[in-house]
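# Inside the fold
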Amino acid sequence: MDEIALLRRLDEDAAAESPDAKHAARSALRAHIAAQQIAAPAHRDVVPRVSARPRWPRLRLVAAIAAVVVVAAVAAVVLPGRGSRPAYAATPPLLMPVSDQGRPAERVLERLAAAAEEQPALADGRYHYLKAAGWGLHTAVYDEDHVESVIVPGITEQWIADDGSGLQIHASGEPVEAGPPGADADRRAIDDLPDGEGEITEFAPGEMWVPPIASLPRDPVALRDKLLVNPGDGGPCDANSDVYDPETCDRPESVQLYVALEELHVERVPPDLLATFYRALAEEPDLRAYGQITDRAGRRAIAVGFDSDYAGLPTRHMMIVDPDTGTLLGLEEILTTDPGKLNVRVPAVISYIVYLAGGNVASTDERAPRIP
Amino acid sequence: VVNRDWDVPDGQVILRSIDEPEVFEVIFDRHFDAIHGYLARRGGKHVGEVVASETFCAAFDQRDRFDVKRGDARPWLYGIATNLLHRHWRTEGRRRRVDERFRRDRSIEQVPAQPHDRLQASQLDRELRVAVDELNNADRDVLLLYAWSGLSYLEIADALDIPVGTVQSRLNRARARVRHRLRPDANTQVRTSSTFKENTDG
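Counting restarts for each chain, with residues numbered from 1 along the sequence as it is written. Chains and ligands are labelled by the order in which they are written, letters from A for the one and numbers from 1 for the other. In view of the model being predicted, local features appear only for residues whose pLDDT reaches at least 70, and side-chain atom pairs are presented and counted only at 80 or more, with totals across whole chains, interfaces and linings using the full set of residues. Computation of side-chain values: all heavy atoms of the structure, hydrogens and water removed.

Helix and strand definitions here come from DSSP, where helices need a minimum of 4 consecutive H or I residues and strands a minimum of 2 consecutive E residues; each element is numbered from the N-terminal end. A count of helical and extended segments in chain A gives nine helices and 10 strands. Burial classification: accessible surface area is computed with a 1.4 Å probe over protein chains only, and a residue below 20% of its type maximum counts as buried, one above 50% as exposed, and the rest as partly exposed. The burial tally for chain A puts 55% of its 372 residues in the buried class. Sequence separation of 24 or more characterises 68% of the internal contacts of chain A that already satisfy a separation of 6 or more. Total accessible area computed for chain A in this model is approximately 16000 Å², and 51% of it derives from carbon and sulfur atoms. Working rule for contacts: check all heavy atoms of both residues, and any pair within 4.5 Å makes them a contact. Computed by Shrake-Rupley with a 1.4 Å probe, the accessible areas treat only the displayed protein chains as cover when residues are assessed.

Structure representation (structure tokens):
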């Protein structure tokens, strides 16, 4: 038997037909075709997503967004003469004005760290459970004067075991129009999302990323050292490295820490690590505290963040934190002054995640309590 | 209504789908299982499902660029699938880079998911998998398309948009390297490898 024959029998079982996969792919193709037919008259490529980088709660929104376009088209047909609309996509309301430049965040971050430190450790459990809400934006352009934009809220529940296996349920809610400024429309959209219903994906061991939370240092200096890119270590800044990534390498420190915080939040981060994280962030001179707000789930919160244009457009990155417990409630990104080629009117919220529930549970039949 | 048994070449189906987009589903019916199987072998169950679905959406978007004189859409679809698989892995690479960053001091034993570490395999399978993983992307694409898709040299050239001579040279190089990896001291005499014999005879 030569190497080709050996290869032909390698992983033969993986190539078995999968009726479930075929059914899901057929549905996705049909939605895609429907969306293309509707968007085709003017611009085929219209801002289905404005976020520059995917986050896990939104990863599975694409098919749902495509389906939503059909709804928009039906509305346009049934309701003729709705009049011209400005060629701007609807975006979620701002939680606070971007003109507020805030104040240095060092002391606020220290208070948040102290609050987090006082919280009890998370309960043990085989699965790390997290429930989060995000959103997708779809704009259908019929002609230069007729634009239909909808926000599609999505909610994801995820159970991750330490071996990288797990379960994910994603559901998309009804499209919402951008409401008046305030959090009510978002809260209703989130509350209306089905719980436990949606597209279910199971993951075999190794298929889900498990952040090494238990092993990360609980010392702010050591944590910063671990999370920040270290030039010349065979890592992302080393052109000869397998993990060479100039984009990551060029990010400012505050952005690197923000991204790391987001990436850790595929599960609920223990309070002691959050406390360490806030103290590490306090070393960043560009961190600002923007004061108290009400988050998109109706919770009292404090906003901390910074402005950066590392990704090309001036953007405010905000962490939404419970001031009493230090729990991270959400993350938001807002274009502040320049929309680039996006058809949004600045300032514009271009992405957000709201963490709704999280903790460790014994099985995928259990859910951790809601984050108050 | 799409007649799934419509007995005309792929090229004609794709041509008709320009004006009747729903007809493209015939292409999906004809080729999904093969494309999904190829991708699942290369990337695992989840990646296979995700990228196979993306492949047919991308193919639909690109159908006006398909040369309808080519009767068989398989090379075109395998080419799209292979490109999307690499794009998927580049995206996944970001995730692995994060993991690398977290693992800098090597005190963390978390191992990121790799395309080929999903099965408990025999020693020979493991060595074969390592040999394939050690190839560069270009050689690996040609080798696995040849072994797993059933495409000819000409069709692989079509799929990857490279000259057929390049297909032959890449395939020869890939096969030689795999052979050498399976038994370094035997050059082309793979069958005399004791490791090979133990695992295939046993």
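For the rest of this paragraph, the subject is the packing of aromatic side chains. Any Phe, Tyr or Trp ring, taking Trp's six-membered ring, that has another such ring centre within 6.5 Å forms a pair; planes under 30 degrees apart are called stacked, those over 60 apart edge-to-face, and the others tilted. Scanning the model with the defined rule gives nine aromatic pairs over all chains in all. On the numbers, 5.0 Å between centres and 55° between planes, the contact of Tyr129 of chain A with Trp159 of chain A is tilted. Of this pair, Tyr129 of chain A sits in strand 2 (residues 127-143) while Trp159 of chain A sits in strand 3 (residues 146-161), placing them 30 residues apart in sequence. Trp159 of chain A carries the same exposure label as Tyr129 of chain A, and that label is buried. Counting every residue linked through ring pairs, the aromatic cluster contains Phe28, Phe32 and Phe56 of chain B. Two limits define a charge over a ring: the Lys NZ or Arg CZ must be within 6 Å of the ring centre, and within 35 degrees of the ring normal. Over the ring of Tyr146 of chain B we find Arg8 of chain A, and its NZ or CZ is 5.6 Å from the ring centre. A cation over a ring is seen here: Arg63 of chain B above Phe60 of chain B, with NZ or CZ 3.9 Å from the ring centre.

To continue, consider helix 6 (residues 220-227) of chain A. Residues and elements named next belong to chain A. Burial in helix 6 covers these residues: Leu223, Arg224, Lys226 and Leu227. Here the buried residues of helix 6 occupy an arc of 165° about the axis, which is enough to place them on one side. The exposed residues of helix 6 that point more than 90 degrees off its buried face are Val221 and Asp225. Definition of a polar contact: a pair of N or O atoms within 3.5 Å, with one able to donate and the other able to accept a hydrogen when the atoms are protein atoms, and with sequence-neighbouring residues admitted only if both atoms are side-chain atoms. Where helix 6 begins, the side chain of Asp219 points an oxygen toward the backbone nitrogen of Val221, at a separation of 3.2 Å. Working definition: the arc comes from the directions between the helix axis and the C-beta atoms, pointing outward to the latter.

Let us now look at unusual backbone geometry. Leaving glycine aside, a negative phi is the common case for residues, and trans is the common case for peptide bonds. Backbone geometry at Asp161 of chain B places phi at a positive 60°, although glycine is not the residue there. Take Asp161 of chain B: it is sitting in the loop between helix 7 (153-160) and helix 8 (164-182).

Further remarks concern the confidence of the model for chain B. Residue and element names in this part refer to chain B. Confidence of the predictor at the level of single residues is given by pLDDT, which spans 0 to 100. When the pLDDT values of chain B are averaged, the result is 76; 71% of them are 70 or greater. Below a pLDDT of 50 lies the segment residues 98-121, which in the model reaches 59 contacts outside its immediate sequence neighbourhood of four places, other chains included. Contacts for the low-pLDDT stretch residues 186-202, under 50 throughout, to residues beyond four places or in other chains number 26 contacts. Here the complex is predicted with pTM 0.55, and the ipTM for its interfaces comes to 0.78.

A word on the pairing of strand 7 (residues 300-308) of chain A. Residue and element names in this part refer to chain A. Strand 7 sits mainly inside the fold: seven of its nine residues count as buried. For two strands to pair, DSSP has to find at least two bridges joining them. Turn length for the strand 6 (residues 288-294)-strand 7 hairpin, with the two strands adjacent in sequence and antiparallel, is five residues, and the turn residue Gly298 shows positive phi of about 85°. Here seven bridges tie strand 7 to strand 8 (residues 315-321), and the two strands are oriented antiparallel to one another. Across the sheet, the residue bridging to Val304 is Met319, located in strand 8.

Take the pattern of salt bridges next. One side-chain nitrogen of Lys or Arg within 4 Å of one carboxyl oxygen of Asp or Glu is enough to make a salt bridge. Across all of its chains, the model carries 28 salt bridges over all chains by this definition. One salt bridge in this structure joins Glu157 of chain A and Arg367 of chain A, with 2.4 Å as the shortest N-O distance. Taken together, the residues span a long stretch of sequence, with Glu157 of chain A in strand 3 and Arg367 of chain A in the segment after strand 10 (348-361) at a distance of 210 residues. Judged by its relative accessible area of 3%, Glu157 of chain A falls in the buried class. Arg367 of chain A gets classed as partly exposed once you look at its relative accessible area, which sits at 38%. For Glu49 of chain B, the salt bridge goes to Lys45 of chain B, with nearest N and O atoms at 3.3 Å.

To continue, consider helix 8 (residues 253-264) of chain A. Residue and element names in this part refer to chain A. Helix span, as expected, comes to 1.5 Å for every residue beyond the first. Taking 1.5 Å of rise per residue, the 12 residues of helix 8 would be expected to cover 16 Å, and the 16 Å separating its terminal C-alpha atoms lies within 8% of that figure. When you tally the buried positions in helix 8, you get 11 out of 12 residues, the bulk of the element. If you check which residues of helix 8 are buried, you get Ser254, Val255, Gln256, Leu257, Tyr258, Val259, Ala260, Leu261, Glu262, Glu263 and Leu264.

With that out of the way, let us pick up the environment of Arg179 of chain B. Residue placement: Arg179 of chain B occurs in helix 8. Considering only alpha carbons, one finds Arg179 of chain B and Ala131 of chain B, 48 residues apart in sequence, at a separation of 8.3 Å. Within polar-contact distance, the side chain of Arg179 of chain B engages the side chain of Glu3 of chain A at 2.8 Å.

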